[in-house]
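Notes for the structure review
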Amino acid sequence: KKRVCVIGAGASGLTAIKCCIDEGLEPVCFEKSHDIGGLWRYEEKEKEGACVYNSTIINTSKEMMCYSDCPIPDEFPNYMHNTKIMEYFGIYAKKFNLMKHINFNTSVLSCEQEEKGSGEVWNEKTKETSDFEFDAVLVCVGHHADPYYPLDAFPGIEKFKGEYFHSHEYRKPQGYEGKRVLIVGVGNSGGDIAVELSRQAKQVYLSTRRGTWVFNRVGPYGMPIDFLVTTRAFLNWIMPSSIIRKAVESQLNEKFDHDHYGLRPDNGPFNQHPFVNDELPNRIINGSVMIKSNIGCFTEDSVIFDDGTEVEADAVIFATGFIFQFPFLDDSIAQVNGTESQLYKYMWPVGMTKHTLAVIGHVQVLGAVNPVSEMQSRWATRVFKGLATLPNDNKMLLDINRNKVSLQKRFYNSQRHTMEADHVAYMDEIADQIGVKPNMFSLFITDRKLARKVWYEFCSGYQYRLKGPGKWAGAREAIMGQKSRMFCPLHTRATTKSSKSKKKSLLSYYWLVAVAIGAFYVYRRQHLM
């Protein structure tokens, strides 16, 4: 068997191990901590790499985030707390017997690719280094490696006498009672921390340079929002992007006017990474969170913003994101510059004699990373076995540059937008390489009931187990039951209307949504413009 070194046992590392086993490869995983889970494993004390805070809840629903051959239990909530995610990882690892392949408390110090790969690891328990050999490598360390902490961009911070730190260090809201806290940055972490601290602190200020559009986890009819916007029917709905942008902006402003709340950005809703928060507008309207502009400078006990306003502050939390690095790889293998890297399809280094190294989970998808990492691992293991091929270096570089230009046109200039990808389009692209992309024409001929589910319901990972390499006998059943699993944790009390609502056709629902959006847009043009 070919021996594959898997670096990391988080969300990406676990599925990488499993995919190696599926292809008859021998995975040897090195995990620097004492357990699986990566950033989703909460620890009270500070740990190396990213860590969720105690209250973290995932922004993608359970059916969209699960691995393609291991549905999340029916009774689990649609948006899971980090402890539930860890529980699911445990279920996945046990089902496929993954734990025996993991070496815990072991860090990879170096990893060299020659005729035969070799590397050096450090065992934290024995305090010893040892060498190892391998045939291929799957790097599964994620892209939340090191906090991005640009203190030099904030004049006077060295004078500030209050505490300040990166959101990476934040764990719980206790200890901030009666304090005035400034959060810098309106990414998902910054928004969550601001909301949580606003229940304890005297006042919370949320500083943003550009503003943001605020999406909710709960969509129309109380369904998870990704259940509605990641369907093949919706994504293939042909309509000018300007009309879609206007319609979405109108819907978001119906919930609360982003201008009045000081959050409206210059860019459109689809020109940024989604900011998901269900509670921020409530905290703003009751005054516990106050939106502020970009920071001008710090004094000993206050902050002056670029609009000239000044507020006193006792603590500052920099939610300024992360940069990534691969310290165990030579720069010639994976060229990394903060948040940019030369990787074909966000996976493959260019210029290697043999494609025996792939980076897994190194992509910011507009959706869940788990099924994406799984799809990447399925592709990588087949390349390692010689069952799939990659284009030459020139074609890979051309694709990388073309993708960069596309991102620059779509998203505003920011370090967080250097590795964005649309969930379904990216999954389909890789699935095509493996031969597992659903054939809608064939499905509508052979199994119309299943075809309607695949086309009109959300694009779950099960769709990529219906045919081809890695075909799973339970895929059809999983797809047919995904909607009932979504409703299961909600139906904790019977009502007279619930049975009737189940009969509502999803096709009819989308038709109504289309008509409503179109009518609303026409109305706005005629009466408000």
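Residues numbered from 1 in each chain as written. Predicted model: local features only at pLDDT ≥ 70, side-chain atom pairs only at ≥ 80, totals over all residues. Heavy atoms only, no water.

Right, let's get into the overall build of the protein chain. When helices and strands are tallied, the protein chain shows 17 helices and 26 strands. For the protein chain, the C-alpha atoms occupy an extent of roughly 65 × 60 × 50 Å along the three principal directions. Considering the protein chain as a whole, with its 529 residues, one finds that 52% of them fall into the buried category. In the protein chain, once contacts between residues fewer than 6 apart in sequence are set aside, the share between residues at least 24 apart is 67%. Taken as two groups, the 64 positive and 60 negative side-chain charges of the protein chain have centres that lie 10 Å from each other. (Helix = DSSP H or I, 4+ residues; strand = E, 2+ residues; numbered from the N terminus. Buried < 20%, exposed > 50% of the residue type's maximum accessible area, 1.4 Å probe, protein only. Contact = heavy atoms within 4.5 Å. Lys, Arg positive; Asp, Glu negative; His and termini not counted. Charge placed at Lys NZ, Arg CZ, Asp CG, Glu CD.)

Time to look at the side chain of R217. Residue placement: R217 occurs in the loop between β12 (214-215) and α5 (225-229). On the accessibility criterion, R217 (11% relative accessible area) is buried. Sequence-distant contacts of R217, defined by excluding residues within four places in its chain, comprise I57, I58, N59, Y79, M223, P224, I225, V276 and D278.

In this section: the packing of helix α1 (residues 11-22) against helix α9 (residues 369-384). Running from N to C, α1 and α9 cross one another at 35°; their axes reach a closest spacing of 8 Å. By crossing handedness, the relation of α1 to α9 is classed as right-handed. Two secondary-structure elements touch here, α1 through A11, S12, T15, A16, C19 and C20 and α9 through N370, S373, E374, S377, R378 and T381. When its residues are assigned to classes, the contact of α1 with α9 shows four nonpolar, six polar and two charged. (Axes fitted to C-alpha atoms, helices over the stretch in contact; angles between N-to-C directions. Left-handed = near helix turned anticlockwise from the far one by under 90°. Nonpolar A, V, L, I, M, F, W, Y, C, P; charged D, E, K, R; others polar.)

Enumeration over the complete set of coordinates arrives at 17 aromatic pairs. Centre to centre, the rings of W348 and F384 are 6.3 Å apart; their planes meet at 85°, and the pair counts as edge-to-face. Here F384 lies in helix α9 and W348 lies in strand β23 (residues 348-349), a separation of 36 residues in the sequence. According to the relative accessible area criterion, W348 is buried, its value standing at 0%. Of the aromatic side chains, those joined through ring pairs into one cluster are Y67, Y88, F89, Y92 and F96. Across the ring face of F96, the terminal group of K18 is positioned such that the distance to the ring centre comes to 4.6 Å. (Phe/Tyr/Trp six-rings, centres within 6.5 Å; stacked < 30°, edge-to-face > 60°. Lys NZ or Arg CZ within 6 Å of the ring centre and 35° of its normal.)

What follows is about the sheet that holds strand β7 (residues 136-139). In spatial order, the strands read β3-β2-β1-β7-β24; together these five strands make up an open sheet with parallel pairing. What marks the edges here is a single partner per strand, and that holds for β3 (102-103) and β24 (357-359). Sheet topology note: the strand β1 (residues 3-7)/β7 ladder contains four bridges and is parallel. For V6, the partnering residue across the bridge sits in β7 and is L138. (Pairing = 2+ DSSP bridges.)

For the rest of this paragraph, the subject is the layout of surface pockets. Here the second largest pocket defines a volume of roughly 700 Å³. Residue contributions to the lining of the second largest pocket peak at eight residues, all from helix α10 (residues 393-410). Among the residues forming the lining of the second largest pocket, the class breakdown is 13 nonpolar, eleven polar and eight charged. (1 Å grid on protein atoms, 1.4 Å probe; cavity = no way out; pocket = protein on both sides within 12 Å on 5 of 7 lines; lining within 4 Å. Points joined across faces, edges and corners; volume = space filled by probe spheres on them.)

Another point: the nonpolar core. Of all hydrophobic cores here, the largest spans 80 residues; its most connected members are F89, L138, M347, W348 and W379. Not counting residues within four places of it along the chain, the set of residues in contact with L138 comprises V4, C5, V6, I7, A16, C20, A358, I360, A380 and F384. One finds Y176, Y261, L280 and V289 within the second-largest nonpolar core, a separate group that totals 26 residues. (Core = buried A, V, L, I, M, F, W, Y, C linked by side-chain atoms within 4.5 Å.)

Turning our eyes to something else, we now look at the domain arrangement of the protein chain. Segmenting the protein chain into domains produces domain 1 (3-145 + 324-434) and domain 2 (149-320). Contacts between the two partners involve 34 residues from domain 1 and, on the opposite side, 27 residues from domain 2. Counting each side, the surface lost to burial between domain 1 and domain 2 is near 2,500 Å², with a carbon and sulfur contribution of 47%. The three residues of domain 1 that bury the most area against domain 2 are Y53, N59 and Y412, which together make up 27% of that side's buried surface. Counting across the domain 1 and domain 2 interface gives two salt bridges. For the salt bridge of E44 with K172, the shortest nitrogen-to-oxygen distance reads 3.4 Å. (Domains from an automatic or database assignment. Buried area = accessible area lost by both parts, 1.4 Å probe. Salt bridge = Lys/Arg side-chain N within 4 Å of Asp/Glu carboxyl O.)

This part takes up the pattern of salt bridges. Scanning the entire structure with this criterion turns up 26 salt bridges. The partner of E23 in a salt bridge is K385, with the nearest N and O atoms 3.5 Å apart. Taken as a pair, E23 in the loop between α1 and β2 (26-30) and K385 in the loop between α9 and α10 lie far apart in primary sequence, 362 residues in all. Of the residues examined, E23 reaches a relative accessible area of 15% and is grouped as buried. What makes K385 partly exposed here is its relative accessible area of 37%. In this structure, E163 engages K179 in a salt bridge whose closest nitrogen and oxygen atoms are separated by 4.0 Å. Taken as a pair, E163 in strand β9 (residues 163-166) and K179 in the loop between β9 and β10 (180-184) lie far apart in primary sequence, 16 residues in all.

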